[in-house]
Amino acid sequence: MTAHHDRVRAVLLVHGLEADQRCASGEGGDTVARLTARVTRVQARLDRVRSAATGIRSRDQRHEVDTGTDADAWMLAVYDAALADLCGALGLRQFLVDDTVCPEDERRRVELELLSSVMPLG
């Protein structure tokens, strides 16, 4: 679990540095729309990594994907970091970088909370 959280922290740090650089150059910060699009792109890439790892090929898969265990772990960390950024922008609490919380359970909880905050249930 700690290795996963270390990866998430590393991705968040890099993203924070890139965001600071964009702000310094006058490009502005990340909007909720940009963060949502980033989560969607990462999720699609993660799906491609998983489908390649299981041998399922989609018709529109254009790129070869590194399907090693480490590649999948990094993709999950990138996805969790993107979720953490989006939660921060929307003011939702998350524990995706908390070593005491199981990342899979927290990821599911955060996804459900994000979906229910966007689309009212019932």
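Residues numbered from 1 in each chain as written. Predicted model: local features only at pLDDT ≥ 70, side-chain atom pairs only at ≥ 80, totals over all residues. Heavy atoms only, no water.

Asker: Outline the overall build of the chain, listing residues and values.
Answerer: The number of helices and strands found in the chain is four helices and zero strands. Listing the helices and strands of the chain from first to last along the sequence gives α-α-α-α. With 122 residues in all, the chain has 32% of them scored as buried. Considering only residue pairs separated by 6 or more positions, the chain has 63% of its internal contacts joining residues 24 or more positions apart. Accessible surface, the chain: about 7700 Å² in total, of which carbon and sulfur atoms supply 56%. (Helix = DSSP H or I, 4+ residues; strand = E, 2+ residues; numbered from the N terminus. Buried < 20%, exposed > 50% of the residue type's maximum accessible area, 1.4 Å probe, protein only. Contact = heavy atoms within 4.5 Å. Areas by Shrake-Rupley, 256 points an atom, 1.4 Å probe, with all protein chains shown as cover.)

Asker: Kindly report on the side chain of Asp80, identifying the contributing residues and their values.
Answerer: Positionally, Asp80 belongs in helix H3 (residues 69-90). Residue classification places Asp80 among the buried residues on the basis of a relative accessible area of 0%. Discounting chain neighbours no more than four positions away, the residues touching Asp80 are His4, Val8, Leu96, Pro103 and Arg107.

Asker: Report on helix H1 (residues 2-24), specifying residues and quantitative values.
Answerer: Between its terminal C-alpha atoms H1 stretches 33 Å, which fits the 33 Å expected from 23 residues at 1.5 Å a residue. Among the residues making up H1, those that are buried are His4, His5, Arg7, Val8, Val11, His15, Ala19 and Arg22. Downstream of H1 by one or two residues, Gly26 has phi in the positive range, about 90 degrees. (Expected span 1.5 Å × (residues − 1).)

Asker: Break down the environment of Arg41 for me, citing the residues and quoting the values.
Answerer: Tracing the backbone shows Arg41 in helix H2 (residues 32-53). You can call Arg41 exposed: its relative accessible area is 52%. For the pair Arg41 and Tyr79, spaced 38 residues apart in the sequence, the C-alpha separation amounts to 9.2 Å.

Read these as spatial facts, not as claims about activity.
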